[in-house]
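Chain and residue survey
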Amino acid sequence: MSPGYDELTCDFLIIGSGGAGLMAALHAYDLNPRLNIVVVAKGLVGKSGCTRLVQGGFNAALDPKDSVEKHFLDTVKGGAFLNNQDLAWALVSDAPEIIRKLETKVGVFFDRRPDGTIHQKAFAGQSFDRTVHRGDLTGIEIVSRLHDQLFARKITLIDETRALDLIPTKDGSGIAGALLLHQRTGAFTLARARTTLLATGGGPRMYKFSAPSIEKVGDGYAMAYRAGCDLVDMEMMQFHPTGILAGASRLSGMVLEEGLRGAGAYLLNAHGERFMQRYDPERMERATRDVVSRSAYIEIMEGRGTPAGGVYIDASHLGADFVAKTFPGMVRRCAEVGYDLTRRPVEVTPTAHFHMGGVAIDDRCRTAMPGLLVAGEDSGGVHGANRLGGNGVAESCVFGARAGVTAAQICSELDMHAVDASAVNTALDAALAPLTRPEGENPFAIRDRVQAVMWEDAGLVRSGPQLARARATLDELSDRALHCAAPNERRWNLAWQQVLDVRNLITVASLTARAAEHRTETRGSHARSDFAKRDDGRWLVNIHLQNDRIFEVPVVMTRLKPDAAVPA
Amino acid sequence: MSVHKTFRIRRFDPSNDAHPYWATYTIEAKPKFSVLDGLFAILENQDGTLGFRYSCRAGMCGSCAMRIDGREGLACRIRLENLGATISVEPLRSLPIVKDLTTDMTPFFDKYRKIDPFFVGDSPSFAEQTPEPLRVDPTQPLRQSANRAIDCISCGACYSACPTVASNPAYLGPAALNRAFALAADERDREADRFALISGPEGAYSCRSIGNCVSVCPAGVAPLAAIQLLRRGKSASAT
């Protein structure tokens, strides 16, 4: 028998407290202070999530010599023309204004040039040095200051509470809210809302080496998919080339930021060769992440890797003082696990970093599902087949703001809908089952297996047979995950939370592998050893997954075509 | 050769236990393991009921602050190889316990909120027009000291280590006062009255200059220095 749940009613329910969730809350509130806004975070509001982990910075065309058109061109070329161009345009055209807002309304400290204007640094794959930053730990500052702004407004914050599932309206016409689980107490709340925003972050944690925070397991994708949403580009998983190698510690896979390569750091194989010479002699280490990661992976696979199975990043020739001053966060992180970034090479591995795919949205963050908005990594289409460094936090903030504006506009038009009570009960039963089993599968062991399978068979370079094998293994793990056991107390039960995490992780991994198997070409972050060429004739399409269906939709080139040298 | 470490963990489930107690676990300490890795090894293979808080595992979110061998720190940044054969792990002090090593941060953030921790610009609402950013000289001394103060990750280590917080429940504590200083030193901030918020008996003048906040801060912030500058700023503005 299921325990009960209480109910909470609000206008705007925001699931996730990264850049997207917080920007949405602040914008919606300021545009309509009468709105009842609730922010739910899986960890502590302001701490959980990945905007905080942004190191490098935020791309925005601020300099008079730069332009949004150039930023757009870089973004779409970087995305191998798979981007939804309307979304990419929204990103680049809003980014400068969002930086000004963060500076003048949120009070973010961005690094300055000697003349007092905002400093911008070099990142890979860009025609201009346009990355706004605060040292090499930009995200901490952005999210801390956004969090501070919440205290100036009447917005309800709910810590350490996860959404289990989106709940449909009784008539099935859209989304009526979400079922929440308060992890500290184990109590459930049915949150009913006129509009719900998914902003939980993506699914790179499905890989053995990954960058995101531990609790971020693609909950948003999994919930959206179960609710019948249309997910796009799920095969597009970005691997960052320089995740630190720190043995079996969970630190392994954490990124050493791209500004190092932007500033001129070398990537070396075990023989001390700058291997990018072989793969992209023109751009070398400043090639886009997809190219650099894959090159490092090939070096490792062909036996030119380091003893720990990585490659080296070497910044020593830049001068110890320069490195220490410019990258203090990276230097400290390295020192703690025995590396001296200022003087010696550091062992790094490609690491799963960012999921370009996600829920299909329009440029106001609306989905096809009435009552559901999606912003940030949970959405797909902005970045196409590969995201540029510095466009991630830009996406979270730009589209979070847009979602907040949309919510302020539509909340007054939307009714509060009756919920589908059977959906609530189904979600409750599924969540509670592991607590009733005295013995069963260990969810942590299943997670390890998912991560190993995805790394080996659905990782940086994939093939049809590997992906088929990955899918079969994931099906088997999905069955096993139904038999997980967790200690029976509901209060602050981390093993139980892991059972719920691993289910979502498997759902997202299966979608990723399925889309990857379908795309029989190599494009951006998606590399097939059995289809090693990009094929614009066949594959300028986005792969969609919805209700167990897979289908293709041609990319609409509203602004730029692959053969055009300049924006249309 | 494998290295083993023994964890003595202060455990307490307020709903079930009359008193906190010590539980002991031994794990294989793999190279470069942090205290957090050790806690996961216990949770995943030995005792699924252990409670602790985590998120980024890289020293950026401040979720895993706890007392390790009697001293506050981030579990993700302290490596087992730098500790002895037996490691004691306890929750932060001066905060209620949710379970085991997980504390309720509500009192910490309630006090943080009291200093109006939010920046107030010329045009604070997102519904209003956005002004052009000011030019800010990066070498200006106030900007530089504020720049150091903003590195706080609100982990609560200083709050737990502060004897004044422990003895005076109303005291705002090092992190909140440090934030007040960062805003007071920000030439762009327009809130005039922040000094009034920190000059009462719960504010900057209750600090006894012991400096634990500085020595435990994992982010290299010096709240004590910020508090001293706040006091000086207050007297300067009074004259």
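Just above sits the structure.
The structure reproduced in this document is the subject of the present report. Treat the numbers as computed from the prediction; the structure is a model and nothing was measured. (Residues numbered from 1 in each chain as written. Chains lettered and ligands numbered in written order. Predicted model: local features only at pLDDT ≥ 70, side-chain atom pairs only at ≥ 80, totals over all residues. Heavy atoms only, no water.)

**Quick notes on the overall build of chain A**
Counted only if it meets this: The secondary structure listing takes helices from DSSP runs of H or I that are at least 4 residues long and strands from runs of E that are at least 2 residues long, numbered from the N terminus. Buried means the residue's accessible area, taken with a 1.4 Å probe over protein chains only, is under 20% of the maximum for its type, while exposed means over 50%, and partly exposed covers the values in between. Contacts are residue-level and defined by heavy atoms, with any inter-residue pair within 4.5 Å sufficient. The accessible surface values rely on the Shrake-Rupley method and a 1.4 Å probe; as for residues, cover is taken only from the protein chains in view.
Helix and strand content of chain A: 16 helices and 19 strands. Here the C-alpha coordinates of chain A stretch approximately 65 × 50 × 50 Å along the principal axes. Residue burial in chain A is summarised as follows: out of 568 residues, 68% are buried. Restricting the contact set of chain A to residue pairs at least 6 apart, pairs at least 24 apart contribute 74%. For chain A, the computed accessible surface area is about 17800 Å², with 51% contributed by carbon and sulfur atoms.

**Focus on the nonpolar core**
Heads up, the condition is: Think of a nonpolar core as a cluster: buried Ala, Val, Leu, Ile, Met, Phe, Trp, Tyr and Cys residues, connected wherever their side-chain atoms sit within 4.5 Å.
Counting residues in each nonpolar core, the largest one holds 265 residues, and the members touching the most others are F12, F58, L102 and F399 of chain A together with F7 and F52 of chain B. Of all the elements, helix α15 (residues 494-518) of chain A adds the most residues to this core, at 14 residues. Aside from chain neighbours lying at most four places away, what touches L102 of chain A is M23, F58, G107, V108, F110, I142, L146 and C397 of chain A.

**Here we look at the state of the cysteines**
Note the following rule: We call a pair of cysteine sulfur atoms a disulfide when they lie within 2.5 Å.
In total, this model carries 0 disulfides over all chains according to the counting rule given. No disulfide involves C229 of chain A; its sulfur sits 14 Å from that of C365 of chain A, the nearest cysteine. Lacking any disulfide linkage, C158 of chain B is separated from the closest cysteine sulfur, that of C152 of chain B, by 6.4 Å. For C158 of chain B, a relative accessible area of 10% gives the class buried.

**What about helix α8 (residues 289-304) of chain A?**
Residues and elements named next belong to chain A. How we decide: Multiplying 1.5 Å by the residue count of a helix minus one yields the expected span of that helix.
Between its first and last C-alpha atoms α8 spans 20 Å; for 16 residues at 1.5 Å apiece the expected length is 22 Å, and the helix comes up short by more than 12%. In terms of burial, α8 is largely enclosed, as 12 of its 16 residues are buried. Considered for burial, the residues of α8 that qualify are R289, D290, V291, V292, S293, R294, S295, A296, Y297, E299, I300 and R304. Packed against the buried residues of α8 are β11 (237-244), α6 (259-262), β12 (266-268), α7 (276-279), β13 (311-314) and β14 (346-355).

**Quick look at the packing of aromatic side chains**
For the record, the criterion: We call Phe, Tyr and Trp rings a pair once their centres come within 6.5 Å, taking the six-membered ring for Trp, and we label the pair stacked below 30 degrees between planes, edge-to-face above 60, and tilted otherwise.
A full pass over the atoms with the stated rule returns 15 aromatic pairs over all chains. When the centroid spacing of 5.9 Å and the interplanar angle of 50 degrees are considered together, the rings of F52 of chain B and Y54 of chain B count as tilted. Given a relative accessible area of 0%, F52 of chain B falls into the buried group. Ring-pair connections join several aromatic residues into one group, and the members of that group are F151 of chain A together with F108, F109, Y112 and Y159 of chain B.

**Structural notes on the sheet that holds β14 of chain A**
Adjacent strands of a sheet form backbone hydrogen bonds with each other and so pair up, either parallel or antiparallel. Residues and elements named next belong to chain A. For clarity, the threshold we go by: A pair of strands is labelled paired if DSSP reports no fewer than 2 bridges between them. The axes used here are C-alpha line fits, helices contributing only the stretch in contact, and every angle between their N-to-C directions lies in the interval 0 to 180 degrees.
Within the open sheet, the 4 strands sit side by side as β11-β14-β13-β12. Their pairing is antiparallel. Bordering the open sheet on either side are β11 and β12, each of which pairs with just one other strand. Across the sheet, the axes of successive neighbouring strands diverge by a mean angle of 45 degrees, strand direction being ignored. Contacts from α8 reach β11, β12, β13 and β14 within the one sheet, and its direction differs from that of β11 by about 60 degrees.

**Overview of the pattern of salt bridges**
All names here are of chain A. We count it as follows: For this document, the term salt bridge refers to a Lys or Arg side-chain nitrogen within 4 Å of an Asp or Glu carboxyl oxygen.
Under the defined criterion, the tally for this structure stands at 65 salt bridges over all chains. With a closest N to O distance of 2.9 Å, K42 and D501 form a salt bridge. Of the two residues, K42 is situated in the loop between β2 (37-40) and β3 (58-59) and D501 in helix α15; the sequence distance between them amounts to 459 residues. E517 is the partner of R471 in a salt bridge, and the nearest nitrogen-oxygen pair spans 2.6 Å. On the criterion of sequence distance, the pair formed by R471 in helix α14 (residues 464-481) and E517 in helix α15 is long-range, its members being 46 residues apart. On the accessibility criterion, R471 (31% relative accessible area) is partly exposed.

**Some thoughts on the packing of helix α5 (residues 219-226) of chain A against α15 of chain A**
Residue and element names in this part refer to chain A. So the rule is basically this: Each angle is binned into one of four classes, with values under 35 degrees roughly parallel, values over 145 roughly antiparallel, values of 65 to 115 roughly perpendicular, and all other values oblique. Residues are grouped as follows: Ala, Val, Leu, Ile, Met, Phe, Trp, Tyr, Cys and Pro are nonpolar; Asp, Glu, Lys and Arg are charged; all remaining types, including Gly, are polar.
Packing of α5 against α15 leaves a shortest axis separation of 8 Å and a crossing angle of 75 degrees. Between α5 and α15, the angle is such that the two are roughly perpendicular. Contact residues: α5 offers D219, Y221, A222, Y225 and R226, while α15 offers D501, N504, T507, V508, L511 and R514. Residues that form the contact of α5 with α15 fall into these classes: 5 nonpolar, 2 polar and 4 charged.

**Some remarks on unusual backbone geometry**
Its identity as a non-glycine residue notwithstanding, A80 of chain A has a phi of 55 degrees, on the positive side. Structurally, A80 of chain A can be placed in the loop between α2 (68-78) and α3 (85-104). Residue class for A80 of chain A comes out buried when judged on its relative accessible area of 5%. Positive phi is not limited to glycine here, since R57 of chain B has a value of about 60 degrees. With respect to the secondary-structure elements, R57 of chain B resides in the loop between α1 (35-45) and β3 (65-68). With relative accessibility at 3%, the residue R57 of chain B sits in the buried group.

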